[in-house]
Amino acid sequence: HYFIQSNLRCTTVMASGHLTRNILRVKPELLSSTISFYKEICGMNYTRTTVATPQGNVTSSAYPYCQDGVLHSFSYPSKDPLYPPTSVCFVTDSNFTLDYPNPGYWKIGIAVQDVDAAVAWFNAHGVHVSQASQFVDVGYLTSLCDPQGYSIELLQTTFQGNFVKASGERKAPLDQVEMPALGQITIRCVKTEQTCTFYEEMLGMKLLCTEVPGNRFPFTLYFFAFTPNSPPDPDDLSAVINREWVYSRPYTQIEVQHRHSSPTNYTTSSTDTCKIGHVGLGVSVGEAVWQNLLDKFQDKLFTDNVLMKDFDQRVAVVYDPDGYLIEISCDP
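Here the structure is a predicted model, which means the values were calculated and not measured. Every chain is numbered on its own, with residues counted from 1 as its sequence reads. For this predicted model, a pLDDT threshold of at least 70 governs which residues receive local features, and a threshold of 80 or more governs which side-chain atom pairs are given and counted, while totals over whole chains, interfaces and linings are taken from all residues. To obtain the side-chain values, all non-hydrogen atoms of the structure were included, while hydrogens and water were left out.

Trainee: What is the right way to read the pattern of salt bridges from this model?
Mentor: One side chain can pair with another of opposite charge once the charged atoms of both are near each other. Salt bridges are defined as contacts in which a side-chain nitrogen from Lys or Arg sits within 4 Å of a carboxyl oxygen from Asp or Glu. This model, assessed by the stated rule, comprises nine salt bridges. Between Arg243 and Asp137 there is a salt bridge, with its nearest N and O atoms 2.9 Å apart. Taken together, the residues Arg243 in helix 4 (residues 241-247) and Asp137 in the loop between strand 7 (133-135) and strand 8 (139-145) connect sequence positions 106 residues apart. For Arg243, a relative accessible area of 2% translates into the label buried. Each helix is a run of DSSP H or I of at least 4 residues and each strand a run of E of at least 2, with the numbering of both proceeding from the N terminus. Working definition: with a 1.4 Å probe on protein chains only, accessible area under 20% of the residue-type maximum means buried, over 50% means exposed, and in between means partly exposed.

Structure below.
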């Protein structure tokens, strides 16, 4: 049984849990440029965590996803003390691929107050980013890739037509007045009903918003978060008024895209045919959610795609209905 030699245990807040991290693989030769990209250009805080066995012995196999026994984590400071930050984490691995059919993992989203300023910042630092545009009534956004090729969306917290340029000194990263945030971690799903059941009823997350861009773009977006907050129009989660509200939240959401003509399955963490870049997600939960997971999964719910382990260590690994690995931890 393994654990991480840093405090990744759950903290009891007003929410039922905390989305702790998004775990990605990076080639060893791209680690240095990846650290520079997220730390120096994106302006995230960087921590290097040594992974150890319970006996304190550091080994290359101490963490099942980690080749060199080190977890490299990047995060923006929390905007609200009730919500700890969510990290983008990297583990080095020389043997994985980003080229595979029907990728399930999509992107992270960085929420900014002024996306045009962020675009100018990246371009000035040698990272090409196209001009943002208003995508129907979804958001004012653009995208780029990190050194390993992972997709990053820059999403303004307000629509283009509602933008008001903030006054004040631009001291925050990406030439912003206010601190950016890790807004979303985006994955794709096939089994919408089962996915909603898993994240809401099993993990205790709240569905805050749904977005359907229209007939030209046949997909639906679902935004889940660990929070007691309710959107401006809780009776109609698809209402446009909820969208800018979601983008400005101080906590990271899991964004799930369901394509209406989706494939029968996506390539995800549970794929046996190849090792992919996305390892999985980490969450910490409270006692009530933990007991619910323990009861439900030991009763063989979702028997086709669930693996749990280390209940005595208060750490479990589970695959969601589409095969994404979720590492769950809880305080004793």
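Picking up after the structure, the text goes on.
Trainee: Where do I start with helix 1 (residues 31-41) in this structure?
Mentor: For an α-helix the count is 3.6 residues per turn, leaving residues at separations of three or four pointing the same way. When we look at burial in helix 1, the residues that qualify are Leu31, Thr34, Ile35, Phe37, Tyr38 and Ile41. The first or second residue beyond helix 1 is Gly43, which carries a positive phi of 80°.

Trainee: Looking at this structure, I do not really get the pairing of strand 8. What am I missing?
Mentor: Both faces of the sheet carry side chains from a regular strand, because those side chains alternate between them. By the criterion of burial, strand 8 is predominantly enclosed, with five of the seven residues buried. When DSSP locates at least two bridges between a pair of strands, those strands are taken to pair. Pairing of strand 7 with strand 8 involves three bridges; the strand directions are antiparallel. Bridging across to strand 8, Phe135 finds its partner in Gly139. Counting the residues that bridge the hairpin from strand 7 to strand 8 gives three residues, and of these Val136 lies at a positive phi of roughly 35°. Across five bridges, strand 8 lies against strand 9 (residues 151-156) in antiparallel orientation. Looking across to strand 9, one finds that Cys145 is bridged to Ser151. Counting the residues that bridge the hairpin from strand 8 to strand 9 gives five residues, and of these Gly149 lies at a positive phi of roughly 105°.

Trainee: Which parts of the structure should I look at to understand the sheet that holds strand 9?
Mentor: Sheets are built from strands paired through backbone hydrogen bonds, the pairs being either parallel or antiparallel. Overall, mixed pairing links the eight strands, which are arranged 7-8-9-6-10-13-12-11 in an open sheet. Sheet topology places strand 7 and strand 11 (206-211) at the edges, where each strand pairs with a single neighbour. Across the sheet, the axes of successive neighbouring strands diverge by a mean angle of 30°, strand direction being ignored. Here helix 2 (residues 115-124) sits on the sheet and contacts strand 6 (105-112), strand 8 and strand 9; the angle it forms with strand 9, its principal contact strand, is near 140°. Geometry is summarised by axes, namely lines fitted to C-alpha atoms with helices restricted to the contacting stretch, and by angles between N-to-C directions that run from 0 to 180 degrees. In what follows, residue pairs with any heavy atoms lying within 4.5 Å of each other are defined as contacts.

Trainee: In this structure, what is going on with the environment of His258? I would like to understand it.
Mentor: Note on placement: His258 falls in strand 13 (residues 253-259). With a relative accessible area of 15%, His258 lands in the buried category. Measuring from C-alpha to C-alpha, the distance between His258 and Ile187 comes to 8.9 Å, with 71 residues separating the pair along the chain. When neighbours within four sequence positions are excluded, His258 is seen to be in contact with Cys189, Val190, Thr192, Pro218, Phe219, Thr220 and Tyr222. In protein, a polar contact requires one atom able to donate a hydrogen and another able to accept it; more generally it is a pair of N or O atoms within 3.5 Å, and residues adjacent in sequence count only if both atoms are side-chain atoms. At 3.4 Å, the side chain of His258 forms a polar contact with the side chain of Thr192.

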